[in-house]
Amino acid sequence: MNIYSYIKKYSMFPGFSKQKQNRGGQTVGAGVLLFKLLADPTRLKILSFLMKRPEGACVYEIAEEVGVSHSAASHQLSGLEARGVLVCFREGQQVCYEVVDSSLSKNIKKAITLFYHE
């Protein structure tokens with residue numbers, strides 16, 4: 001399943017069905033929305049960090065690694081969870097996140113590897 005069919009199937013992005021098609025008939029909005037997801041430096045750092053940790057990480061670890069406040073990290077993480085990129089779980093009283101194993105996350109990992117070098 002490619003990213004276009006995945007996003008269309010799971011309707012993770014508002015307004016996806018209203019996107020324009022290019023000459024080849026593929027929806028160009030899915031690619032645009034994927035890169036919008038990666039366009040924010042904080043989200044990019046969070047995803048890059050979590051892609052390296054398949055077991056996931058707690059919010060305080062993510063915030064510390066990315067260099068943002070706990071609330072800023074939580075805000076970005078909840079947005080990524082709402083779009084189906086991350087899943088939330090608890091370890092005691094701590095809220096943690098891990099990357100969902102999906103074709104979307106695999107495409108995000110490819111994009112991060114291609115464009116983002118630490």
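Here's a quick rundown of the structure.

Cut-off values and rules
- Residues numbered from 1 in each chain as written.
- Predicted model: local features only at pLDDT ≥ 70, side-chain atom pairs only at ≥ 80, totals over all residues.
- Heavy atoms only, no water.
- Helix = DSSP H or I, 4+ residues; strand = E, 2+ residues; numbered from the N terminus.
- Buried < 20%, exposed > 50% of the residue type's maximum accessible area, 1.4 Å probe, protein only.
- Contact = heavy atoms within 4.5 Å.
- Areas by Shrake-Rupley, 256 points an atom, 1.4 Å probe, with all protein chains shown as cover.
- Pairing = 2+ DSSP bridges.
- Axes fitted to C-alpha atoms, helices over the stretch in contact; angles between N-to-C directions.

**Points about the overall build of the chain**
Thought 1: Each helix and strand counted, the chain has six helices and three strands in total.
Thought 2: Going residue by residue from the N terminus, the α and β elements of the chain occur as α-α-α-β-α-α-β-β-α.
Thought 3: Considering the chain as a whole, with its 118 residues, one finds that 39% of them fall into the buried category.
Thought 4: Long-range pairs, those at least 24 residues apart, make up 49% of the contacts in the chain with a sequence separation of at least 6.
Thought 5: Approximately 7,200 Å² of the chain is accessible, and the part contributed by carbon and sulfur atoms is 52%.

**Observations regarding the sheet that holds strand S1 (residues 57-58)**
Thought 1: The sheet built from three strands is open, its strands ordered S1-S3-S2 with antiparallel pairing. The open sheet has two edge strands, S1 and strand S2 (86-91), and neither has a second partner.
Thought 2: In this structure, S2 lies alongside strand S3 (residues 94-99), joined through six bridges in antiparallel fashion. Each residue of the ladder has a partner; that of Val87, found in S3, is Glu98.
Thought 3: Helix H3 (residues 41-51) rests against S1, S2 and S3 of the sheet, and its axis sits at about 80° to S3.

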